[in-house]
Amino acid sequence: NSSSITHFLLLAFADTRELQLLHFWLFLGIYLAAILGNGLIITAIACDHHLHTPVYFFLLNLSVLDLGSISTTLPKAMANSLYDTKVISYSGCAAQVLFFVFCATAEFYLLTVMAYDRYVAICKPLHYGTLLGSRACVHMAAAAWGSGFLIAVLHTANTFSLPLCQDNALDQFFCEIPHILKLSCSDSDYIREVGLLVLSCLLAFGCFVLIVVSYVQIFRVVLRIPSEQGRHKAFSTCLPHLAVVSLFVTTGIFAHLKPPSVSSQFLDLVVSFLYSVVPPAVNPLIYSMRNQDLKRAL
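Bear in mind the structure is a predicted one, so any value in this text is a computation, not a measurement.

Inspection of the secondary structure assignment puts asparagine 168 in the loop between helix H5 (134–159) and helix H6 (177–181). Accessibility expressed as a relative area gives 17% for asparagine 168, which makes it buried. A distance of 3.2 Å separates a polar side-chain atom of asparagine 168 from the backbone oxygen of histidine 7. Residues contacting asparagine 168, with those up to four places away along its chain left out, are Ile5, His7, Phe8, Leu9 and Leu183.

Bringing the environment of serine 264 into the picture now. For serine 264, the position within the fold is in the loop between helix H8 (228–257) and helix H9 (265–276). For the pair serine 264 and aspartate 171, spaced 93 residues apart in sequence, the C-alpha to C-alpha distance is 9.3 Å.

Moving on, we come to the UniProt feature "transmembrane region" (unreviewed entry) in the chain. Taking the UniProt record as the reference, the feature "transmembrane region" (unreviewed entry) is found at residues 24–47, 54–74, 94–116, 136–154, 196–222, 234–257 and 269–287. Here residues 54–74 is 100% helix and 0% strand, with 30 Å between the C-alpha atoms at its ends. Between the first and last C-alpha atoms of residues 269–287 the distance is 26 Å; the span itself is 95% helix and 0% strand.

A few words now on the state of the cysteines. Simply put, the disulfide is a covalent bond whose two ends are the sulfur atoms of two cysteines. The tally for this structure, following the rule as stated, stands at one disulfide. The residue that forms a disulfide with cysteine 93 is cysteine 175, at a sulfur-sulfur distance of 2.0 Å. An S-S torsion of about -130 degrees defines the bridge between cysteine 93 and cysteine 175 as left-handed. In this pair, cysteine 93 sits in helix H3 (residues 90–123) while cysteine 175 sits in the loop between H5 and H6, placing the two residues 82 residues apart along the sequence. A residue is classified by how much of its surface remains accessible, and cysteine 93, at 0% relative accessible area, is buried. Accessibility expressed as a relative area gives 4% for cysteine 175, which makes it buried.

About the cut-offs
- Residues numbered from 1 in each chain as written.
- Predicted model: local features only at pLDDT ≥ 70, side-chain atom pairs only at ≥ 80, totals over all residues.
- Heavy atoms only, no water.
- Helix = DSSP H or I, 4+ residues; strand = E, 2+ residues; numbered from the N terminus.
- Buried < 20%, exposed > 50% of the residue type's maximum accessible area, 1.4 Å probe, protein only.
- Polar contact = N/O pair within 3.5 Å; in protein donor to acceptor, adjacent residues only side chain to side chain.
- Contact = heavy atoms within 4.5 Å.
- UniProt positions renumbered as here; feature names shortened; annotations may be inferred.
- Disulfide = S-S within 2.5 Å.

Structure below.
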């Protein structure tokens, strides 16, 4: 009975106090770097009117979602390492699932929109103003946020309506849906949530296919650029974007759909870290490192 569970126990990264403090400082460094990078991007785009264009509008939205995503998972993990505890309340766990699924889902849909934006800018430049006007950009961003929120509400409501009777220990550093499902003692409800996870992963894979197709078209156009320097610049900009998106979707789908037979504590930790912490931390570098306009604004 779920009403009998008042809290969950998250996985501790280490047993010794020294290693717990080491993890705290490591996570604090990653978190501060993510806040600084995304905060600078948000501030630069908001304050510089030269950056009030579709590509930077989407980048601003991405940075806001990155901040929300990493702020949902890392602070609690840091607090647990610092205070040598594993406890997260039942309502806190539900809130963590809701906000993380919302931010991660909306972010991936937004990355799909950003790939489309780059495709139109490079492959159909004469139609850019028509296809990506201010109203169209707002509608696409709103659709990404709205879809993410709807999916997050469905997953959270479905997951926390399950009767949990196995235990209250989660083998993960944050409340991840597959690990909560392991505590379920209702096969029918479990299958319903697994079905919803499969549907969400299929939607994510469909978006990933659209992203790959967009980049293939971009690369076809880029290869026709006569200047070798121009080709190098385009590839060095696009390939890191595609690498981070690929890491995000492959590790996320693997974490939620992997069979129990290949599950191990270390593997689960690494995979979850790769899709929940790495993208929000490295996105500011990936999207601003070779962007001269953003550098000048900063």
